[in-house]
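# Examination of the molecular architecture
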Amino acid sequence: MSTKHAITLDSSTARRYVDDNPSKYSAEFDFRSDTVTNPTVGMIESIKRCSLGDAVYQEDETTAAFESHVAQLLGKESGLFVPSGTAGNQIALRVLLTQPPHSVLADHRAHVVVAEAGGVASLSQALIQAVKPSNGVYLTLEDVKDAAVIDEDIHNAPTRVISLENTLGGTIMPLNETRRIAEFARKNGIKMHLDGARLWNATAAGAGSLEDFGSYFDSITVCFSKGLGAPVGSVLVGSAAFIRKANWIRKSIGGGMRQTGILTAAAWTALDEVYPKLVATHAIAKDLETFLLGLGIATELPVETNMLFMDLKKAGLRNEWLTKEGAKRGIKFGHGGRIVIHHQISATAVNALKDTIAHVVKLRDDGAYVSDDREEIKGYRG
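Now for a quick tour of the structure.

Rules of the game
Residues numbered from 1 in each chain as written. Predicted model: local features only at pLDDT ≥ 70, side-chain atom pairs only at ≥ 80, totals over all residues. Heavy atoms only, no water. Helix = DSSP H or I, 4+ residues; strand = E, 2+ residues; numbered from the N terminus. Rg over C-alpha atoms; globule rule 2.2 N^0.38 Å. Buried < 20%, exposed > 50% of the residue type's maximum accessible area, 1.4 Å probe, protein only. Contact = heavy atoms within 4.5 Å. Areas by Shrake-Rupley, 256 points an atom, 1.4 Å probe, with all protein chains shown as cover. Salt bridge = Lys/Arg side-chain N within 4 Å of Asp/Glu carboxyl O. Axes fitted to C-alpha atoms, helices over the stretch in contact; angles between N-to-C directions. Parallel < 35°, antiparallel > 145°, perpendicular 65-115°, else oblique. Left-handed = near helix turned anticlockwise from the far one by under 90°. Pairing = 2+ DSSP bridges.

Before going further, it helps to spend a moment on the overall build of the protein chain. The secondary structure content of the protein chain amounts to 15 helices and nine strands. What you see for the protein chain is a C-alpha radius of gyration of 21 Å, in line with the 21 Å of a compact globule of 382 residues. Dimensions along the principal axes, computed over C-alpha positions, put the protein chain at roughly 65 × 55 × 35 Å. When the 382 residues of the protein chain are sorted by exposure, 55% land in the buried category. A sequence separation of at least 24 residues applies to 76% of the contacts in the protein chain between residues at least 6 apart. Summing over all exposed atoms, the protein chain offers an accessible surface of approximately 16100 Å²; the carbon and sulfur share of this is 51%.

What follows is the structure, given as structure tokens:
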């Protein structure tokens, strides 16, 4: 496969729904996550054309070209294909963290904090400094300064890595704030990692280029099986020396894979096919936000990309009511009021979703539900 695959955004896609014929996909009515999509015909066809070398021996041409291509997009020297975003994050932190005692500073909602099975502790013997953003949306330099441990007090675990996530909860970490935090980190000898699983969404929304964001981090993980809809995989990028060490760590945790061309070919096609469609998923999310506000339902976070989090408590609603009514219309809801738009959601599905929510609101108003004080199960909010 050529390394000259170009990424272009077609803004006209925002004026139409995302896939020309989404009804052929089982994910058409599934709003739980953007991980539930099915491989497209193009992805499956690309597998027929890929190389079949052994990637552990670094002999697979498709994988090597793809890793290099992704690294170049982010302004880095080298890339490493890994099975998942979790693997990429954990490998990166293991490389950046050298000797305990040490700690990783991150947003308290971050994937590395709440959704990676405690890997930072078990794999890197590191403390997590989970920080709540003062603005309720994203970490600022002031938040980081207040929490970071940069002295030599032996009672503390010094901050050695700042791990940011973009997007988080569908919201964008602004490029300028990223720059401010990175400058502080470099001044104090702290490494920077980015969980960029959905960085594609941030850049599609116009927050900055991939290379702009990449310039502020020592390591970055980008995912191809979330918003881009590939079957499997993420790529971790960094300096050549960083990736050499990361390859070693990947092998040590069982992440060495053989004929990965069949996976990287599909991921590359996902990048080419689906990245230009992300702007349309954002447009659907904004349309849904307007609809929800018309029903008196606010969102917990700003709707900036492809996610919405309904404030169920404020609206007097429960997720289980939505799940039950949605099932009657073939709609699959996530947890805690989360709605995620992906490229295989159809106009029919969006209308069914709106009908479901409106019907639940009517039933609530008619007194059909008995409310209670149980806390909603929210889980990972990214």
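A few words now on the pattern of salt bridges. Two side chains carrying opposite charge are able to pair once their charged atoms lie near each other. Considering all chains together, one arrives at 16 salt bridges under this definition. For Glu320, the salt bridge identified is with Arg318, shortest N-O distance 3.4 Å. Here Glu320 falls in the partly exposed class, since its relative accessible area comes to 40%. A cluster of three or more residues bridged by salt bridges with shared partners is formed by Glu142, Glu177 and Arg180.

Our next topic: the packing of helix α12 (residues 278-294) against helix α15 (residues 347-365). Contact pair α12 / α15: the axes reach a minimum separation of 11 Å and the direction vectors enclose 20°. Considering the angle they form, α12 stands roughly parallel to α15. Along this stretch, α12 crosses α15, giving a crossing that reads as right-handed. On α15, the residues touching Ile284, Asp287, Leu288, Phe291 and Leu292 of α12 are Val350, Leu353, Lys354, Ile357 and Ala358.

Let us look at the pairing of strand β1 (residues 78-82). Each regular strand carries side chains that alternate between the two faces of the sheet. Within β1, five of the five residues are buried, which leaves the element mostly enclosed by the surrounding structure. By the alternation rule, side chains of β1 split into Ser78, Leu80 and Val82 and Gly79 and Phe81, which are all buried. Of the pairings in the sheet, the one linking β1 to strand β7 (residues 234-238) comprises five bridges and is antiparallel in character. Note that in β7 the partner of Phe81 across the bridge is Val235.

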